[in-house]
Amino acid sequence: NERLEFLGDSVLGFIVASHLFKNEPGMPEGQMTRTRAELVCERTLESAARKLALGDYLRLGRGEDQNGGRRRPSILADAFEALIAAVFLDGGLMPAKRIVTKLILKDLSDKPASFDYKTALQELVQRKSGQTLSYHMTGESGPDHQKEFFVEVRLNGEAKGSGRGRSKKEAEQAAAKAALEAMAP
């Protein structure tokens, strides 16, 4: 199974990378890398294995079986990778792609792609050495259950964008987006 897991991991990574490349043309390489990592992580693969009830079909040693091996996330994730490899070896790339699309990529297309503006801004700033990026909360308003936060992003101490949101993180993302738009050529 370990050899199948090895191959399945590569096939899975290729299918996800190809999907992101074709279906997310505006997504920068760094974001594609992070999204691919999220989609092929143990948690995601375990979830796909559970959808197939893969744990019910595993051959385990008596001790592993008695200690809950059929429900162990790492075993389920590895089993899913092995399954993808077996499908690939038996039928080729298209059948493997159909399984990955149905069990992993479907969730991605059901929700809008989230774009990490803070990371994109950080990557832009890092291209020029000696630049300092910082976020400053400039205020908050509203009652505790409906709080709104205001944040300003500064580059070398100079304000480049501001944003607001229901959380500090959301406000920082909005500020980063405003800064990216302001700095666009």
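As the structure is a computational prediction, the values presented were derived from the model and not from experiment.

Engineer: Can you walk me through the nonpolar core in this structure?
Structural biologist: A general tendency of soluble globular proteins is for nonpolar side chains to be buried together. Phe 80, Val 100 and Ile 104 are the most contacted members of the largest nonpolar core, which has 25 residues in total. Those elements that provide at least two residues to this core are α1 (2–23), α2 (29–39), α3 (42–51), α5 (73–91) and α6 (93–110). Per-element tally for this core: the top contributor is α5, with seven residues. When sequence neighbours within four positions are dropped, the list of residues in contact with Ile 104 reads Leu 12, Leu 39, Thr 44, Leu 45, Ala 48, Phe 80 and Ile 99. If you look at the next biggest cluster of nonpolar residues, it comprises 11 residues, including Leu 121, Val 151, Leu 155 and Ala 179.

Engineer: Just to check I follow, could you spell out the packing of aromatic side chains for this structure?
Structural biologist: Each pair of aromatic rings is reported with the distance of its centres and the angle of its planes. The final tally for this structure, using the stated rule, is zero aromatic pairs. Positioned above the aromatic ring of Tyr 135 is the side chain of Lys 118, whose terminal nitrogen or guanidinium carbon lies 4.7 Å from the ring centre.

Engineer: Could you clarify how one ought to interpret the pattern of salt bridges in this entry?
Structural biologist: Opposite charge on two side chains allows them to pair when their charged atoms are near. A full pass over the atoms with the stated rule returns nine salt bridges. For Glu 64, the salt bridge is made with Arg 72, and the minimal N-O distance between the two is 2.1 Å. The class for Glu 64 is partly exposed, based on a relative accessible area of 30%. On the accessibility criterion, Arg 72 (30% relative accessible area) is partly exposed. Three or more residues joined by partner-sharing salt bridges are found here, namely Glu 140, Asp 144 and Lys 147.

Engineer: Explain the packing of α1 against α2 here, please?
Structural biologist: Relative orientation and spacing of two packed helices are given, respectively, by the angle between their axes and the distance between those axes. It is at 10 Å that the axes of α1 and α2 come closest, and there the two elements cross at 135°. With respect to α2, the element α1 is oriented oblique. Our pair here, α1 against α2, has a crossing hand that is right-handed. On α2, the residues that touch Gly 13, Val 16, Ala 17, Leu 20 and Phe 21 of α1 are Met 32, Thr 35, Arg 36 and Leu 39. Of the residues belonging to the contact of α1 with α2, the class tally is six nonpolar, two polar and one charged.

Engineer: I'm lost on the sheet that holds strand β2 (residues 148–155) in this one. Help?
Structural biologist: Sheets are built from strands that pair by backbone hydrogen bonding, the pairs being arranged parallel or antiparallel. Here three strands make up an open sheet; going across it, the order is β1-β2-β3 and the pairing antiparallel. The sheet is open, and its two edges are formed by β1 (133–141) and β3 (158–165), each paired on a single side. This sheet shows a mean twist of 20° between the axes of neighbouring strands, independent of strand direction. Two elements, β2 and β3, share seven bridges in a ladder whose sense is antiparallel. From the neighbouring strand, Phe 149 faces β3, where its bridge partner is Gly 165. On the sheet, helix α7 (residues 117–126) packs against β1 and β2 and is oriented at approximately 145° with respect to β1. Strand contacts of helix α8 (residues 168–183): β1, β2 and β3, with the helix running at about 135° to β3, the strand carrying the most contacts.

Engineer: How should I be thinking about α1 in this particular structure?
Structural biologist: Residues spaced three or four apart along an α-helix point in a common direction, a consequence of the helix completing one turn every 3.6 residues. With 22 residues, α1 should reach 32 Å at 1.5 Å per residue; the first-to-last C-alpha distance of 31 Å fits that figure. Those residues of α1 that sit buried are Glu 5, Gly 8, Val 11, Leu 12, Gly 13, Ile 15, Val 16, Ser 18, His 19 and Leu 20.

Engineer: How do you make sense of the environment of Asn 23 when you look at a structure like this?
Structural biologist: With respect to the helices and strands, the residue Asn 23 is situated in helix α1. Residues Asn 23 and Glu 46, spaced 23 residues apart in sequence, show a C-alpha to C-alpha distance of 24 Å.

Engineer: How should the pairing of β1 be read in this particular structure?
Structural biologist: A regular strand places its side chains so that they alternate between the two faces of the sheet. Looking at chain direction, β1 and β2 are connected through eight bridges and run antiparallel. Its bridge partner lying in β2, Gly 139 is registered against Phe 150.

Cut-offs used in this document
Residues numbered from 1 in each chain as written. Predicted model: local features only at pLDDT ≥ 70, side-chain atom pairs only at ≥ 80, totals over all residues. Heavy atoms only, no water. Core = buried A, V, L, I, M, F, W, Y, C linked by side-chain atoms within 4.5 Å. Buried < 20%, exposed > 50% of the residue type's maximum accessible area, 1.4 Å probe, protein only. Helix = DSSP H or I, 4+ residues; strand = E, 2+ residues; numbered from the N terminus. Contact = heavy atoms within 4.5 Å. Phe/Tyr/Trp six-rings, centres within 6.5 Å; stacked < 30°, edge-to-face > 60°. Lys NZ or Arg CZ within 6 Å of the ring centre and 35° of its normal. Salt bridge = Lys/Arg side-chain N within 4 Å of Asp/Glu carboxyl O. Axes fitted to C-alpha atoms, helices over the stretch in contact; angles between N-to-C directions. Parallel < 35°, antiparallel > 145°, perpendicular 65-115°, else oblique. Left-handed = near helix turned anticlockwise from the far one by under 90°. Nonpolar A, V, L, I, M, F, W, Y, C, P; charged D, E, K, R; others polar. Pairing = 2+ DSSP bridges. Expected span 1.5 Å × (residues − 1).

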